[in-house]
Amino acid sequence: MPLIYVDLIEGRTPAEVHAVLDTIHEAVLEAFAVPPRDRYQVVRTHRADEVVALDTGLGITRSARLVIVHMISRRRPRAQKQRFYDLLAGKLADRCGLDPADVIVSVTENGDEDWSFGHGRAQFLTGELQGA
């Protein structure tokens, strides 16, 4: 946890997709100090005509290399989230050659009772998992 959905416009190679996912995970590890095996990522690809990502009036120009990250997570402090946004944009630029204008992030928060990692148990509530 966190659970991360990544939406991409089709056309990337498997190696490019894996590089994006690895880079996102690095930013998660650094910003939130989660364990290395705390990795849950799902990629969805779309035709270009299926994605509309304007700029909310900010003057941002996007390309077909757009990466939209939706993270579902336990509550995190504002400073950690801001650090994540900054790390993610920087690391995707450095490692994947992405323009930071092509990185959109949304975070949805939930609580310990909202997670089951298998076997029909809520591991945060049962004590099987701590922190993360």
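Scope of this entry: the structure provided in the associated data block. (Residues numbered from 1 in each chain as written. Predicted model: local features only at pLDDT ≥ 70, side-chain atom pairs only at ≥ 80, totals over all residues. Heavy atoms only, no water.)

### Thoughts on the sheet that holds strand β4 (residues 103-110)
Here comes step 1: If you walk across this open sheet you meet the four strands as β2-β1-β3-β4, and the pairing is mixed. What marks the edges here is a single partner per strand, and that holds for β2 (40-46) and β4. Shown here is a sheet whose adjacent strand axes are inclined to one another by a mean of 15°, direction ignored.
Here comes step 2: Here eight bridges tie strand β3 (residues 67-74) to β4, and the two strands are oriented parallel to one another. The residue of β4 that forms the bridge with R74 is N110.
Here comes step 3: Contacts from helix α2 (residues 78-96) reach β3 and β4 within the one sheet, and its direction differs from that of β4 by about 150°. (Pairing = 2+ DSSP bridges. Helix = DSSP H or I, 4+ residues; strand = E, 2+ residues; numbered from the N terminus. Axes fitted to C-alpha atoms, helices over the stretch in contact; angles between N-to-C directions. Contact = heavy atoms within 4.5 Å.)

### Overview of the pattern of salt bridges
Here comes step 1: Summed over all chains, the structure comprises ten salt bridges.
Here comes step 2: Linking E30 and K91 is a salt bridge whose minimum nitrogen-to-oxygen distance equals 3.2 Å. One end of the pair, E30, is in helix α1 (residues 14-32); the other, K91, is in helix α2, with 61 residues separating them in the sequence.
Here comes step 3: Residue classification places E30 among the partly exposed positions, given a relative accessible area of 39%.
Here comes step 4: By relative accessible area, which is 13% here, K91 ends up buried.
Here comes step 5: Taken together, the shared-partner salt bridges in this structure form one network comprising E30, R83 and K91. (Salt bridge = Lys/Arg side-chain N within 4 Å of Asp/Glu carboxyl O. Buried < 20%, exposed > 50% of the residue type's maximum accessible area, 1.4 Å probe, protein only.)

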